[in-house]
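What follows is each chain in one-letter form.
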Amino acid sequence: MKVAVFSTKSYDRQFLEPEAKNCGHEMVFFEPRLTFETSPLAAGFPAICVFVNDKLDEKTLSAIANGGTRLIALRSAGYNNVDLAAARNLGLTVVRVPAYSPHAVAEHTVALILALNRKIHRAYARVREGNFSLDGLLGFDLYERTVGIVGTGKIGAIVAKILNGFGCNLLAYDTKPNPDCEALGVKYVELSELFASSDIVSLHCPLTDETYHLIDADVLNQMKKGVMVINTSRGALIDTEAAIAALKSGKLSYLGLDVYELETDLFFEDLSNSIIQDDVFERLLTFPNAIVTGHQAFFTENALTNIAQTTISNITDFEQGRICPNEVSTS
Ligand code: NAD
């Protein structure tokens, strides 16, 4: 099948191309993000392959459907960037990679917790400058601290397992509690209790209308003074301006983000020679107790191998008219 791949980076080509060749698919790699403006690139391709910051709104979907596209193969788990109702009306099939390495994201989550707590980012810079003072580097033992996990699906459950190993007390909130977490001793509580009782809050639920700005000024006020908030899920789960206000007031003592609500114009690109125009993002970077990584939690060899294999197998299922287990329901 002929597939137009959008938002291509060298690593996408490296992992996708050999898998595609093995299955007889022809992949054409485009660097631009898919938007309405770039949608003509998809003309004549029965399938397109997209990533998290490609914008599949109604206008773009109509354009690609008119150009002959029938399949949207997401090389991601999340699909909040696709207007599913519009895709259904246009007869477009949407497939995704539901799990490629929940370990990759869970381990990055724990990396952010540890780095923030022990100020590894500051220590690294200091020691390189010959400054061996410990002032400002004081951390705390994770042992017996309370961690609240919002969303205990594949990733949240692994975070729980790892932090259980550190001896943390684990609270969780999920619309569907996970029996594996319950067996581990995770205590499911209401969100308000989780926010009020946790020393660390880590977000692992999807971005939906319901979870948009789940962490806003009100919620930050309900949290313990000195709380740590980690988000490796989707940026818009947090109202960034409210988080900045809480960092300024000292209510929030640590913020670890791998995702940012306006990341689309920033992440995955080298902007080191540009002046970044997003003042909210720039303010975030001024805090010594905030760490931002550029949506890299998934970025391991294992995950990229799994993403390539599942994406190609999804495309083959569609081409051969088989039911694809990874089809996103558009109903
Ligand atoms: P999953 O579907 O296995 O788990 C999500 C969990 O959230 C489920 O248990 C679900 O019941 C729960 N949930 C749904 N609505 C909720 C709500 N309103 N409140 C609380 N819980 C709710 O997904 P996953 O594989 O664990 O991924 C979690 C999120 O991580 C994804 O939605 C995606 O946005 C994000 N993600 C980020 C990266 C990255 O590189 N940073 C990579 C992969 C996934």
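Residues numbered from 1 in each chain as written. Predicted model: local features only at pLDDT ≥ 70, side-chain atom pairs only at ≥ 80, totals over all residues. Heavy atoms only, no water.

**Q** Sorry if this is basic, but what is going on with the site of the ligand here?
**A** Near the ligand there are 23 residues, and of these Tyr100, Lys154, Ile155, Asp174 and Thr232 occur at the shortest range. Taking Ile155, its main chain carries an N or O atom lying 2.8 Å from an oxygen atom of the ligand. The side chain of Asp258 places a nitrogen or oxygen atom 3.0 Å from a nitrogen atom of the ligand. Contact with the protein chains covers 86% of the free accessible surface of the ligand, which is 860 Å². Here the ligand occupies the largest pocket. Looking at the shell around the ligand, its residues break down into nine nonpolar, nine polar and five charged. (Near = heavy atom within 4 Å. Polar contact = N/O pair within 3.5 Å; in protein donor to acceptor, adjacent residues only side chain to side chain. Areas by Shrake-Rupley, 256 points an atom, 1.4 Å probe, with all protein chains shown as cover. 1 Å grid on protein atoms, 1.4 Å probe; cavity = no way out; pocket = protein on both sides within 12 Å on 5 of 7 lines; lining within 4 Å. Sits in = over half its atoms within 2 Å of the grid points. Nonpolar A, V, L, I, M, F, W, Y, C, P; charged D, E, K, R; others polar.)

**Q** It is not clear to me how the layout of surface pockets should be interpreted in this structure. Could you clarify?
**A** The method is simple in principle: a probe with the dimensions of a water molecule rolls over the atoms, and the space it marks as empty is what remains. Each pocket or cavity is described by its volume, and for the largest pocket that value is around 1,200 Å³. Around the largest pocket, the lining is made up of 40 residues, and of these His204, Cys205, Pro206, Leu207 and Ser233 lie nearest the centre. Looking at the lining of the largest pocket element by element, the count peaks at three residues for helix α6 (residues 154–165). For the lining of the largest pocket, a count of residues per class yields 19 nonpolar, 13 polar and eight charged. When we break the lining of the largest pocket down by domain, the ones giving at least three residues each are domain 1 (2–100 + 300–319) and domain 2 (102–292). Approximately 290 Å³ is the volume attributed to the second largest pocket. Considering the residues around the second largest pocket, the lining is formed by 18 residues, among which Val52, Asn53, Asn80, Glu261 and Thr264 are closest to the centre. For the lining of the second largest pocket, the class distribution of residues is six nonpolar, six polar and six charged. (Points joined across faces, edges and corners; volume = space filled by probe spheres on them. Helix = DSSP H or I, 4+ residues; strand = E, 2+ residues; numbered from the N terminus. Domains from an automatic or database assignment.)

**Q** Help me out: how do you make sense of the side chain of His25 in this one?
**A** Within the secondary structure, His25 is located in the loop between α1 (10–22) and β2 (26–29). Given the relative accessible area of 5%, His25 is considered buried. Once residues within four sequence positions are removed from consideration, His25 is found in contact with Met1, Ala20, Ile312, Ile315, Thr316 and Glu319. (Buried < 20%, exposed > 50% of the residue type's maximum accessible area, 1.4 Å probe, protein only. Contact = heavy atoms within 4.5 Å.)

**Q** Is there a simple way to explain the sheet that holds strand β7 (residues 169–173) in this structure?
**A** Consider a sheet: its strands pair through backbone hydrogen bonds, and that pairing is either parallel or antiparallel. The sheet built from seven strands is open, its strands ordered β8-β7-β6-β9-β10-β11-β12 with parallel pairing. Either end of the sheet is taken by a strand with one partner, and the two such strands are β8 (187–188) and β12 (290–292). Lying on the sheet, helix α4 (residues 102–118) is in contact with β9 (200–203), β10 (227–231), β11 (252–257) and β12; it crosses β10 at an angle near 145 degrees. (Pairing = 2+ DSSP bridges. Axes fitted to C-alpha atoms, helices over the stretch in contact; angles between N-to-C directions.)

**Q** Even after reading the chapter, I still don't get the pairing of strand β4 (residues 71–74), so can you show me in this structure?
**A** The side chains of a regular strand alternate, first on one face of the sheet and then on the other. What you see with β4 is no split at all: Leu71 and Ala73 on one side and Ile72 and Leu74 on the other are buried throughout. Relative to β4, strand β3 (residues 47–50) runs parallel, the two sharing four bridges. Within β4, the position partnered with Cys49 by the bridge is Ala73. Read from β3 through helix α2 (residues 58–66) to β4, the crossover connection turns out right-handed. Pairing of β4 with strand β5 (residues 93–95), which is carried by three bridges, proceeds in the parallel orientation. Opposite Ile72, over in β5, you have Val94 as the bridge partner. In terms of handedness, the path from β4 via helix α3 (residues 84–89) over to β5 forms a crossover that is right-handed. (Right-handed = clockwise from strand over helix to strand, strands pointing away.)

**Q** So what exactly am I meant to see when it comes to unusual backbone geometry here?
**A** Across residues other than glycine, the phi torsion is negative in most instances, and most of the peptide bonds are trans. The phi dihedral of Lys119 is positive, around 55 degrees, even though this residue is not glycine. Note on placement: Lys119 falls in the loop between α4 and α5 (120–128). Judged by relative accessible area, which is 12%, Lys119 ranks as buried. The residue His295 is not glycine, and still its phi comes out positive at about 55 degrees. Here His295 lies in the loop between β12 and α12 (301–319).

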